[in-house]
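Chain by chain, the residues:
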Amino acid sequence: MPLTPEVLTANGEVVAWLGSLDVSFAPDEEPWFTIDGVESPRQIGSDGSGGAFVLLPAQNVLYVSSEGRAGVIAESFEAFIRLVVARPYWLDILKFSAGGDLQEMRRAADALEATLDDEDDINEAREEIRESLDLPDADDPVGALYEAVAASDAIVRATDGSPFTTLFNRFSIDNNPMLREAAA
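The present account deals with the structure reproduced in this document.

Cut-off values and rules
Residues numbered from 1 in each chain as written. Predicted model: local features only at pLDDT ≥ 70, side-chain atom pairs only at ≥ 80, totals over all residues. Heavy atoms only, no water. Axes fitted to C-alpha atoms, helices over the stretch in contact; angles between N-to-C directions. Helix = DSSP H or I, 4+ residues; strand = E, 2+ residues; numbered from the N terminus. Parallel < 35°, antiparallel > 145°, perpendicular 65-115°, else oblique. Left-handed = near helix turned anticlockwise from the far one by under 90°. Contact = heavy atoms within 4.5 Å. Nonpolar A, V, L, I, M, F, W, Y, C, P; charged D, E, K, R; others polar. Buried < 20%, exposed > 50% of the residue type's maximum accessible area, 1.4 Å probe, protein only. Pairing = 2+ DSSP bridges. Patch = residues over 30% accessible without salt bridge, like charges linked within 9 Å, V, L, I, M, F, W, Y side chains within 5 Å. Areas by Shrake-Rupley, 256 points an atom, 1.4 Å probe, with all protein chains shown as cover. Salt bridge = Lys/Arg side-chain N within 4 Å of Asp/Glu carboxyl O. Lys, Arg positive; Asp, Glu negative; His and termini not counted. Charge placed at Lys NZ, Arg CZ, Asp CG, Glu CD.

This next bit is on the packing of helix α3 (residues 77–86) against helix α6 (residues 119–133). In the contact formed by α3 and α6, the axes pass within 9 Å of each other and the chain directions differ by 155°. In terms of orientation, α3 and α6 fall into the roughly antiparallel class. Regarding α3 and α6, the two cross each other, and that crossing is left-handed. Along its contact with α3, which presents Ile81, Val85 and Ala86, the element α6 presents Arg126, Ile129, Arg130 and Leu133. Taken together, the residues of the contact of α3 with α6 sort by class into 5 nonpolar, no polar and 2 charged.

Listed below in structure tokens is the structure:
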């Protein structure tokens, strides 16, 4: 059976473990954005920074940040969960992508993994989620994230009609002393 939001939310233990990776499955009541060509966006969850996860009609997952950035982050709901489990700091990978450079994203992923504060807790959450859902490891989560964001053609707009920008940010880990040191 494919992994869907309904299958996942029926498993309270997995939902709790995903909460420890900063993903909540309690959507906002009122949408604060629109998506061109999508009449009623299906928000399936949110993160701690106020961003929203939306399941699009094509079944890919769109992320809408509270800072005016948006893009498809996974080709399916299951790929989204695999991404969050493998790289819970996926949004930081995009922040330090140097404008969408895959090699920079890989460097950022390695540096971010090396600096995890609660590595034992995160690894426990990863293992519990994978076991509970019989979820295979993501083959190349950074590559899949890059491909999804690079191919994203969803146009998200704020309530005033202004379009959101790409999730790729201009920073690299070289802009952050802690991450630069971790990558050395």
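Still to come is the rest of the account.
Of all 5 residues in strand β6 (residues 70–74), 5 are buried; the element is thus mostly enclosed. Here strand β5 (residues 61–64) runs beside β6; their pairing, made up of 4 bridges, is antiparallel. Looking at β6, one finds that Leu62 is bridged to Val72. In this structure, the hairpin formed by β5 and β6 is closed by a connection of 5 residues, where Gly68 is found at a positive phi of approximately 90°.

A surface patch of like charges, here negative, comprises Glu119, Asp120, Asp121 and Glu124. You can see Asp120 is positioned in helix α6. A relative accessible area of 67% places Asp120 in the exposed class.

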